[in-house]
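So the chains spell out like this:
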Amino acid sequence: MEATSTKPYFMRAIYEWCTDNGYTPYMAVKAAGAAQVPMEFVRNGEIVLNISFGATSGLKMDNDAVTFKARFGGVSRDIYVPVANVIAIYASENGQGMAFEVDLSQTLPEPPEAVQDTSAKKIGLAAVSTQPEVNESPSAAVDHKKTEKKSEKPSLKIIK
């Protein structure tokens, strides 16, 4: 019989240590495989999640995965992170915590159906070009540049 991995136990211990000492626990995650995270916030294939009590709802850290609900841009999202995808867990205030090796070659558990159905379907992103269309007239291109300049410099209008 194969021994259970120590990684989820260390993760729970660091989380508890952070909360006991008034620190904010953060979890760095590799956004690959079965991980269900908001992809619009992923940078270089990784995302850092605030997993404090105030930032999450229904946090569950078991031996296979970390699941919870959190708000991103005002929208509640179901998060599912297999333990194998966790890069580190640490206190944001001082950086103390633990980093782990990530081996995504092993078989990862699939997220529950509820998480698969609701996670990334709520928000969609599309590429937007700021360059004028080739078919536009020169005056349209000038108008486009004027609106660009207006958006570059913020202004405040006082209403009494």
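Residues numbered from 1 in each chain as written. Predicted model: local features only at pLDDT ≥ 70, side-chain atom pairs only at ≥ 80, totals over all residues. Heavy atoms only, no water.

1. A few points about the sheet that holds strand E2 (residues 46–50)
(1) Moving on: A sheet is described by the order of its strands in space; here four strands give the open sequence E2-E1-E6-E7, paired in antiparallel fashion. The sheet is open, and its two edges are formed by E2 and strand E7 (97–99), each paired on a single side. Taking the axes of each pair of neighbouring strands and ignoring which way they run, one obtains an average angle of 15 degrees across the sheet.
(2) Moving on: In terms of strand pairing, strand E6 (residues 86–91) meets E7 through three bridges, oriented antiparallel. Bridging across to E7, Ile-89 finds its partner in Met-98. (Pairing = 2+ DSSP bridges. Helix = DSSP H or I, 4+ residues; strand = E, 2+ residues; numbered from the N terminus. Axes fitted to C-alpha atoms, helices over the stretch in contact; angles between N-to-C directions.)

2. With respect to the pairing of strand E4 (residues 65–72)
(1) Moving on: Note that strand E3 (residues 56–61) and E4 share four bridges and pair antiparallel. Looking across to E4, one finds that Thr-56 is bridged to Ala-70.
(2) Moving on: Direction of pairing for E4 relative to strand E5 (residues 75–82): antiparallel, over a ladder of eight bridges. What sits directly across from Val-66, in E5, is Val-81.
(3) Moving on: Hairpin connection between E4 and E5: a loop of two residues separates the two successive antiparallel strands, and Gly-73 in this loop has a positive phi of roughly 60 degrees.

3. A short note on the side chain of Lys-7
(1) Moving on: In this structure, Lys-7 sits in helix H1 (residues 7–20).
(2) Moving on: The buried charged residue Lys-7 lacks any salt bridge, with Glu-101 as its nearest oppositely charged partner at 9.1 Å.
(3) Moving on: Those residues in contact with Lys-7 that lie beyond four places of it in its chain are Val-83, Ala-84, Val-86, Phe-100 and Glu-101. (Buried < 20%, exposed > 50% of the residue type's maximum accessible area, 1.4 Å probe, protein only. Lys, Arg positive; Asp, Glu negative; His and termini not counted. Salt bridge = Lys/Arg side-chain N within 4 Å of Asp/Glu carboxyl O. Contact = heavy atoms within 4.5 Å.)

4. A word on unusual backbone geometry
Residues apart from glycine generally show negative phi values, whereas peptide bonds are mostly found in trans.
(1) Moving on: Even without being a glycine, Asn-44 presents a positive backbone phi close to 55 degrees.
(2) Moving on: Looking at the secondary structure, you find Asn-44 in the loop between strand E1 (25–30) and E2.

5. Some details on the nonpolar core
(1) Moving on: Counting 24 residues, the largest nonpolar core has Met-11, Met-27, Val-37, Leu-49, Phe-68, Val-81 and Ile-89 as its most contacted members.
(2) Moving on: Of all the secondary structure elements, the ones that give two or more residues to this core are H1, E1, E2, E4, E5 and E6. (Core = buried A, V, L, I, M, F, W, Y, C linked by side-chain atoms within 4.5 Å.)

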